Amino acid sequence: MDTLKVGMKDSLEWEVTEKFTTTRGEYKVFSTPSMCLFAEMAAGRLVTPHLKPGQGQVGLSVNIRHLAPTPLGKTVRAEAELTSVDRRKLTFLINIYDEVEQVGEVVHERFIIDV
């Protein structure tokens, strides 16, 4: 955990499959709950290599702005940046893009725990 520094970045890509969608009219699009999971996974992936043995991490808060729809079958990319380290509390900005535009902006807090 001592190696976590503000400004660290990582990214994650997903294909928008059926399980990550909701129906809007006749269309299936990337759902907001799936965007939440995606953002948490991107932040968690950034943190995991920096944890000491016996440490884990949990989410504290998620603030999502879902900006545009992404259809079933398209790819989404989460770009996570660590923006604050306050002892064991970590804050991230995660911008989410599809193949056309930015589709989400997430501020997410995580906490390092002893398991």
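The present account deals with the structure reproduced in this document. Here, residues in each chain are numbered from 1, in the same order as that chain's written sequence. Restriction of local features to residues with pLDDT of at least 70 applies here, the model being predicted, together with a cutoff of 80 or more for giving and counting side-chain atom pairs; totals for whole chains, interfaces and linings are based on all residues. Side-chain metrics rest on all non-hydrogen atoms present in the structure, leaving aside hydrogens and water.

**Comments concerning the overall build of the protein chain**
Okay, so step 1: Secondary structure elements are defined from DSSP: runs of H or I of at least 4 residues count as helices, runs of E of at least 2 residues count as strands, and each element is numbered from the N terminus. When you go through the protein chain residue by residue, the secondary structure sums to one helix and seven strands.
Okay, so step 2: Walking the protein chain from its N terminus toward its C terminus, one meets helices and strands in the order β-β-β-α-β-β-β-β.
Okay, so step 3: Taking 2.2 N^0.38 as the reference for a compact globule, 115 residues should give roughly 13 Å; the C-alpha atoms of the protein chain span a radius of gyration of 15 Å, in line with that estimate.
Okay, so step 4: Based on the C-alpha atoms only, the size of the protein chain along its principal axes is roughly 50 × 25 × 20 Å.
Okay, so step 5: Per-residue burial for the protein chain yields a buried fraction of 37% across its 115 residues.
Okay, so step 6: What makes two residues a contact is simply this: any of their non-hydrogen atoms within 4.5 Å. Of the contacts formed within the protein chain by residues at least 6 apart in sequence, a portion of 66% connects residues at least 24 apart.
Okay, so step 7: With the model as given, the accessible surface of the protein chain reaches about 6400 Å², and the carbon-plus-sulfur share is 51%.
Okay, so step 8: Charge convention: Lys and Arg are scored as positive, Asp and Glu as negative, and His as well as the terminal groups of each chain are ignored. Think of each charge as sitting on NZ of Lys, CZ of Arg, CG of Asp or CD of Glu. Across the protein chain, 14 positive and 16 negative side-chain charges occur, with their mean positions spaced 5 Å apart. The atom set for the radius of gyration is the C-alpha atoms, and the globule formula is 2.2 Å times the number of residues raised to the power 0.38. Working definition: with a 1.4 Å probe on protein chains only, accessible area under 20% of the residue-type maximum means buried, over 50% means exposed, and in between means partly exposed. Only the protein chains shown count as cover for residues, with accessible areas throughout obtained via the Shrake-Rupley method and a probe of 1.4 Å.

**So, unusual backbone geometry**
Okay, so step 1: The phi dihedral of arginine 87 falls on the positive side, at around 55°, and the residue is not glycine.
Okay, so step 2: Considering the arrangement of structural elements, one finds arginine 87 in the loop between β5 (75-86) and β6 (89-97).

**Side note on the packing of aromatic side chains**
Okay, so step 1: The criterion for an aromatic pair is that two Phe, Tyr or Trp rings (for Trp, the six-membered ring) have centres within 6.5 Å, with stacked assigned to planes under 30 degrees apart, edge-to-face to planes over 60 apart and tilted to the rest. A complete count under the given rule lists three aromatic pairs for this structure.
Okay, so step 2: Ring centres 4.2 Å apart and planes at 15° place the aromatic pair tryptophan 14 and phenylalanine 20 in the stacked group. For the pair shown, tryptophan 14 and phenylalanine 20 are each scored as buried.
Okay, so step 3: Centre to centre, the rings of phenylalanine 30 and phenylalanine 38 are 6.2 Å apart; their planes meet at 80°, and the pair counts as edge-to-face. An identical accessibility class is assigned to phenylalanine 30 and phenylalanine 38; each is buried.
Okay, so step 4: Ring-pair connections join several aromatic residues into one group, and the members of that group are Trp14, Phe20, Phe30 and Phe38.

**Quick notes on the nonpolar core**
As a rule of thumb, nonpolar side chains are buried together in soluble globular proteins.
Okay, so step 1: With 26 residues, the main nonpolar core has Phe30, Phe38, Phe92, Ile94 and Ile96 as its most contacted residues.
Okay, so step 2: For this core, the secondary structure elements donating two or more residues are β1 (9-15), α1 (32-47), β5, β6 and β7 (102-114).
Okay, so step 3: Top contributing element to this core by residue count: α1, with seven residues. Here, nonpolar core means buried Ala, Val, Leu, Ile, Met, Phe, Trp, Tyr and Cys residues that are tied together by side-chain atoms lying within 4.5 Å of each other.

**As for the pattern of salt bridges**
Okay, so step 1: When a carboxyl oxygen of Asp or Glu lies within 4 Å of a side-chain nitrogen of Lys or Arg, that pair is called a salt bridge. Tallying each qualifying case throughout the model produces ten salt bridges.
Okay, so step 2: Residues arginine 77 and glutamate 79 are paired through a salt bridge, measuring 2.8 Å at the closest nitrogen-oxygen approach.
Okay, so step 3: Classification of glutamate 79 as partly exposed rests on a relative accessible area of 34%.
Okay, so step 4: The salt bridge involving lysine 89 is made with glutamate 109; its shortest N-O contact spans 3.4 Å. Linking lysine 89 in strand β6 with glutamate 109 in strand β7, this pair joins segments that are 20 residues apart in sequence.

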